[in-house]
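# Chain and residue survey
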Amino acid sequence: MELHIAQDLDQLSRDLADWITEHIQSTLERQDRYTWSLSGGSTPRRLYELLTRPGYKEKIPWEKLHLFWGDERAVPFDDERNNGRMTYEALLRHVPVPEDQIHYMRTDIGPEASAAAYEKLLHQYFGATGTSFDLVLLGMGDDGHTLSLFPGLPVVHEQEAWVTSFYLPTQQMHRITLTAPIVNRSAQVVFLAAGAGKADTLKEVLEGPFRPEQFPSQVIRPSAGTLHWFVDKAAAARLNSHT
Ligand code: 6PG
């Protein structure tokens, strides 16, 4: 695991924008397409906005990007809670990624049908390569969830399906989410987390015993790839390795 600690969210977003730009460039020296699973939540918005600015925008070969999402809230695309919409507003409407390479999780059909369609799409896309994304960007909730893998839910322990959907009573909505088996086949997994509200949980996730029931972020352990945590000082405050 590689831990990157920045002063604040602003610096953290710039550090990660630099890292992603460089990773896209170096990956595309070896292959023709770059496959990225984007995250929702609020923390990556600043990162997405930065990537549309001079200094980043012209360095990224947008036409070679193939984009997917880690999870989705089953609300219409024009609802502010929709992860696809947030990413579209902050990033995708400003950069020239071909539309047929942007794979939103659909919310105009039922959640089960949407999850099944996404599962099929991913199997077609990755085939039998045994690997998956070049990059999966993730967030972590204050309660230790990532993607829509919430504490105590069976989806945390999913071993077969790559995509699933379920009803989340605490938020009174359905969720559609990738699962650990597909994410753990990725080349790089990057968690982006900021703020004092995540400090206690981050300590448990990184330095506590393996208790995925309580801290689902712990199930994300790429089998051949690299796991990175990009965090700010406030989130890192309780870590032993805090500098
Ligand atoms: C979602 C997410 C979720 C998110 C975390 C962190 O749709 O809710 O994809 O896993 O990344 O909840 O969210 P914040 O960045 O808002 O803290």
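Residues numbered from 1 in each chain as written. Predicted model: local features only at pLDDT ≥ 70, side-chain atom pairs only at ≥ 80, totals over all residues. Heavy atoms only, no water.

## Structural notes on helix α6 (residues 199-207)
Rule in force here: Only protein chains enter the accessibility calculation, which uses a 1.4 Å probe. A residue is then buried if its area is under 20% of the maximum for its type, exposed if over 50%, and partly exposed in between. Here a helix means four or more residues in a row that DSSP labels H or I, a strand means two or more in a row labelled E, and each is numbered from the N terminus. Two residues form a contact once any of their heavy atoms are found within 4.5 Å.
Within α6, the full set of buried residues consists of Ala-199, Thr-201, Leu-202, Lys-203 and Val-205. Elements in contact with the buried residues of α6: β9 (226-232) and α7 (233-236).

## Examining the sheet that holds strand β1 (residues 2-6)
Where we set the bar: Each pair of strands is called paired provided DSSP finds at least two bridges between the two strands. Axis definition: a line fitted to C-alpha atoms, over the contacting stretch in the case of helices. Angles run 0 to 180 degrees between N-to-C directions.
If you walk across this open sheet you meet the 6 strands as β1-β9-β8-β5-β2-β3, and the pairing is parallel. At either margin of the open sheet sits one strand with a lone partner, and together these are β1 and β3 (65-69). For this sheet the average axis-to-axis angle between neighbouring strands, irrespective of direction, equals 20 degrees. Sitting on the sheet, helix α4 (residues 111-126) touches β2 (34-38) and β3, and the angle it makes with β3 is about 150 degrees.

## Concerning the layout of surface pockets
Heads up, the rule is: Here a cavity is any set of points on a 1 Å grid over the protein atoms alone where a 1.4 Å probe fits but cannot get out, and a pocket is any open set with protein on both sides within 12 Å along at least 5 of 7 lines; a residue lines the site when it has an atom within 4 Å of a point. Grid points are joined across faces, edges and corners, and a volume is the space filled by probe spheres set on the points. In this classification, the charged set is Asp, Glu, Lys and Arg, the nonpolar set is Ala, Val, Leu, Ile, Met, Phe, Trp, Tyr, Cys and Pro, and all remaining amino acids, among them Gly, are polar.
Counted as a void, the largest pocket has a volume near 310 Å³. Contributions of two or more residues to the lining of the largest pocket are made by β4 (71-73) and β5 (135-139). Looking at the lining of the largest pocket residue by residue, the class counts come to 7 nonpolar, 11 polar and 4 charged. What the second largest pocket holds in volume is close to 150 Å³. If you go around the second largest pocket, the residues you meet are Met-1, Val-205, Leu-206, Gly-208, Phe-210, Ser-217, Gln-218, Ile-220, Arg-221, Leu-227 and Trp-229. Only α6 and β9 provide two or more residues apiece to the lining of the second largest pocket.

## Notes on the site of the ligand
This is how the line gets drawn: Here a residue is near a molecule or strand as soon as one of its heavy atoms is found within 4 Å of it. Between N or O atoms, a polar contact is any pair within 3.5 Å; within protein, one atom must be a potential hydrogen donor and the other a potential acceptor, and residues adjacent in sequence are included only when both atoms are from side chains. Note on areas: Shrake-Rupley with a 1.4 Å probe; residue coverage comes only from the protein chains shown. To decide whether a molecule occupies a pocket or cavity, check its atoms: if more than half lie within 2 Å of the grid points, it is inside.
Taken together, 15 residues sit near the ligand, with Ser-42, Thr-43, Asp-71, Leu-147 and Lys-198 positioned nearest. One of the side-chain nitrogen or oxygen atoms of Asp-71 is found 2.5 Å away from an oxygen atom of the ligand. Here the ligand loses 88% of its free accessible area of 420 Å² to cover by the protein chains. The cavity that encloses the ligand is the largest pocket. Residues belonging to the shell around the ligand are distributed by class as follows: 2 nonpolar, 9 polar and 4 charged.

## Focus on the UniProt feature "domain: Glucosamine/galactosamine-6-phosphate isomerase" (unreviewed entry) in the protein chain
Basically, it comes down to this: UniProt positions are given in the numbering used here, feature names are shortened, and annotations may be inferred rather than shown by experiment.
Under the feature "domain: Glucosamine/galactosamine-6-phosphate isomerase" (unreviewed entry), the UniProt entry names residues 8-229. From the first C-alpha to the last, residues 8-229 spans 14 Å; its make-up is 29% helix and 18% strand.

## A look at the nonpolar core
Quick note on the threshold: Here, the term nonpolar core denotes a set of buried Ala, Val, Leu, Ile, Met, Phe, Trp, Tyr and Cys residues that are joined through side-chain atoms within 4.5 Å.
Counting residues in each nonpolar core, the largest one holds 73 residues, and the members touching the most others are Trp-36, Leu-178 and Ile-220. Broken down by element, this core gets its largest block of residues, 7 residues, from helix α1 (residues 9-28). Beyond its immediate chain neighbours, meaning those up to four positions away, Trp-36 contacts Ile-20, Tyr-48, Leu-51, Leu-65, His-66, Leu-67, Phe-68, Phe-133, Leu-135 and Leu-137.

## Description of the packing of aromatic side chains
Our working rule: For Phe, Tyr and Trp, rings pair up if their centres lie within 6.5 Å, where Trp contributes its six-membered ring, and each pair is then called stacked (planes under 30 degrees apart), edge-to-face (over 60) or tilted (otherwise). Each ring is checked for a lysine NZ or an arginine CZ that lies within 6 Å of its centre and within 35 degrees of its normal; such an atom marks a charge sitting over the ring.
Within this structure, the stated rule accounts for 11 aromatic pairs. Consider the rings of Phe-68 and Tyr-125, whose centres lie 5.1 Å apart with planes at 70 degrees: the pair is edge-to-face. Linking Phe-68 in strand β3 with Tyr-125 in helix α4, this pair joins segments that are 57 residues apart in sequence. With respect to burial, Phe-68 and Tyr-125 carry one shared label: buried. Three or more aromatic residues joined by ring pairs make a cluster, and in this case those are Phe-68, Tyr-118, Tyr-125, Phe-126 and Phe-133. The ring centre of Phe-210 lies 4.3 Å from the NZ or CZ of Arg-221, which sits over that ring.

## Remarks on the environment of Leu-51
Position of Leu-51 among the secondary structure elements: in helix α2 (residues 45-51). Take Leu-51: its relative accessible area is 0%, and that puts it in the buried class. It is 9.3 Å that separates the C-alpha atoms of Leu-51 and Ile-20, two residues lying 31 residues apart in sequence. In contact with Leu-51, not counting residues within four places along its chain, are Ala-17, Thr-21, Trp-36, Tyr-56, Lys-57, Ile-60, Trp-62 and Leu-91.

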